[in-house]
Amino acid sequence: PMPATRLSIFRRSNQGPGSFGPGGFGPGRRGARRPGIGGGASGERQRAFNVPPLTLAIAAVLAFVWLMIQILPYEVWAPIAEALILVPSRFSAAYQSGDPGIIAAEAATLFTYALVHVETVHVFANLGFLVAFGSQCERQMGWRRYLALVLAATVAGGVAELIAVGDQTIYILGASGATSGMM
């Protein structure tokens, strides 16, 4: 038989939850939470899906718009998508026209193009990057500064595309500019 002194390290002590003997190791009482495992210092449980509210709302809007494009007939969603996406040739034509209404509508596409995704891989990649990087940004910056970052990155991505492609008639869409700004 082993001496009692060697077995004493395996007896529960009253050092608090999660401790055996003097080393303070082991699972502790059933149902007890140890600080730093499964929660914060106070032992509260972490949510399994822990996405901040603004990031979750943006992801929900992107997913909803994509889903509507998938469900609705082409004749319904195509004119709406056409109005939302950024088209460089249309953008420059609006500024050359001098009409304030047309200019304002085209300037709005610097924000709205990020809402439209047609391909499944594109939307899921952007949603993944949004949740991964956007969650951290929102937690660190707060929702107001995070919203400013999202809007600024979206516009910067659109302007970068306008500069890169010039006056071409191509469609610029998706939230890649916004998610790139979060990285």
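Residues numbered from 1 in each chain as written. Predicted model: local features only at pLDDT ≥ 70, side-chain atom pairs only at ≥ 80, totals over all residues. Heavy atoms only, no water.

So, the overall build of the protein
Thinking step 1. In terms of helices and strands, the protein carries eight helices and zero strands.
Thinking step 2. Shown N-terminal to C-terminal, the secondary structure of the protein runs as helices and strands in the order α-α-α-α-α-α-α-α.
Thinking step 3. Out of the 183 residues in the protein, the part that is buried amounts to 32%.
Thinking step 4. Relative to all contacts within the protein whose residues are 6 or more apart in sequence, the contacts with residues 24 or more apart total 65%.
Thinking step 5. In the form shown here, the protein has an accessible surface area of approximately 11,300 Å², with 65% of it arising from carbon and sulfur atoms. (Helix = DSSP H or I, 4+ residues; strand = E, 2+ residues; numbered from the N terminus. Buried < 20%, exposed > 50% of the residue type's maximum accessible area, 1.4 Å probe, protein only. Contact = heavy atoms within 4.5 Å. Areas by Shrake-Rupley, 256 points an atom, 1.4 Å probe, with all protein chains shown as cover.)

Topic: the packing of aromatic side chains
Thinking step 1. Following the criterion strictly, the structure yields four aromatic pairs and no others.
Thinking step 2. Consider the rings of F129 and F133, whose centres lie 6.0 Å apart with planes at 15 degrees: the pair is stacked. Taken as a pair, F129 and F133 lie in helix α6 (residues 120-141) at a separation of four residues, close to a single helical turn.
Thinking step 3. Judged by its relative accessible area of 38%, F129 falls in the partly exposed class. (Phe/Tyr/Trp six-rings, centres within 6.5 Å; stacked < 30°, edge-to-face > 60°.)

Points about α6
Thinking step 1. Compared with an ideal rise of 1.5 Å per residue, which puts 22 residues at 32 Å, α6 spans 30 Å between its outermost C-alpha atoms and is within 8% of the ideal.
Thinking step 2. On its buried face, α6 is in contact with α2 (53-71), α7 (143-165) and α8 (176-182).
Thinking step 3. Positive phi appears at G142, one or two residues downstream of α6, with a value of about 90 degrees. (Expected span 1.5 Å × (residues − 1).)

Side note on a nonpolar patch on the surface
Thinking step 1. Together, L67, I71, L72, V76 and I80 line one region of the surface with nonpolar side chains, adding up to about 410 Å² of accessible area.
Thinking step 2. At the level of elements, α2 and α3 (74-84) are the ones that each hand at least two residues to the nonpolar patch. (Patch = residues over 30% accessible without salt bridge, like charges linked within 9 Å, V, L, I, M, F, W, Y side chains within 5 Å. Salt bridge = Lys/Arg side-chain N within 4 Å of Asp/Glu carboxyl O.)

So, the nonpolar core
Thinking step 1. Membership of the largest hydrophobic core comes to 15 residues, with the highest contact counts inside it found for I58, L62, L127, L130, Y146, V150 and M182.
Thinking step 2. Going through the elements one at a time, α2, α6, α7 and α8 are the ones with two or more residues in this core.
Thinking step 3. Setting aside residues up to four positions removed in sequence, L62 forms contacts with A114, L115, H117, V123, L127, L130 and A175.
Thinking step 4. Among the nonpolar cores identified, the runner-up in size contains eight residues, and I69, I85, V87 and V116 belong to it. (Core = buried A, V, L, I, M, F, W, Y, C linked by side-chain atoms within 4.5 Å.)

A few points about the pattern of salt bridges
Here the idea is simple: oppositely charged side chains can pair when their charged atoms come close.
Thinking step 1. Counted by the stated rule, this structure contains two salt bridges.
Thinking step 2. Two residues, R90 and E82, come together in a salt bridge whose shortest N-O distance is 3.4 Å.
Thinking step 3. Looking at R90, the relative accessible area reads 23%, which means it is partly exposed.
Thinking step 4. Salt-bridge contacts for E106 lead to R90; the nearest nitrogen and oxygen are separated by 2.9 Å. You can see E106 sitting in helix α5 (residues 100-112) and its partner R90 sitting in helix α4 (residues 88-97), a full 16 residues away along the chain.
Thinking step 5. Connected through salt bridges with shared partners, the residues E82, R90 and E106 form a single ionic network.

Let's talk about the confidence of the model for the protein
Thinking step 1. Residue-level pLDDT values for the protein average 83, and 74% of them are 70 or greater.
Thinking step 2. Below a pLDDT of 50 lies the segment residues 6-13, which in the model reaches 14 contacts outside its immediate sequence neighbourhood of four places, other chains included.
Thinking step 3. A low-confidence stretch, residues 16-21 stays under pLDDT 50, and its non-local contacts, those more than four residues away or across chains, total 29 contacts. (pLDDT = per-residue confidence, 0-100.)

Side note on the environment of A105
Thinking step 1. With respect to the helices and strands, A105 occurs in helix α5.
Thinking step 2. Taking the relative accessible area as the measure of exposure, A105 reaches 45% and is therefore partly exposed.

Some words on the packing of α6 against α7
Thinking step 1. It is the contact of α6 with α7, at a shortest axis distance of 7 Å, that shows an interaxial angle of 135 degrees. With respect to their mutual orientation, α6 and α7 come out oblique. Between α6 and α7 lies a crossing of right-handed hand. Note on element contacts: α7 touches α6 through W143, R145, Y146 and L149, opposite L130, G134, C137, E138 and M141.
Thinking step 2. Of the residues that constitute the contact of α6 with α7, the class distribution is six nonpolar, one polar and two charged. (Axes fitted to C-alpha atoms, helices over the stretch in contact; angles between N-to-C directions. Parallel < 35°, antiparallel > 145°, perpendicular 65-115°, else oblique. Left-handed = near helix turned anticlockwise from the far one by under 90°. Nonpolar A, V, L, I, M, F, W, Y, C, P; charged D, E, K, R; others polar.)

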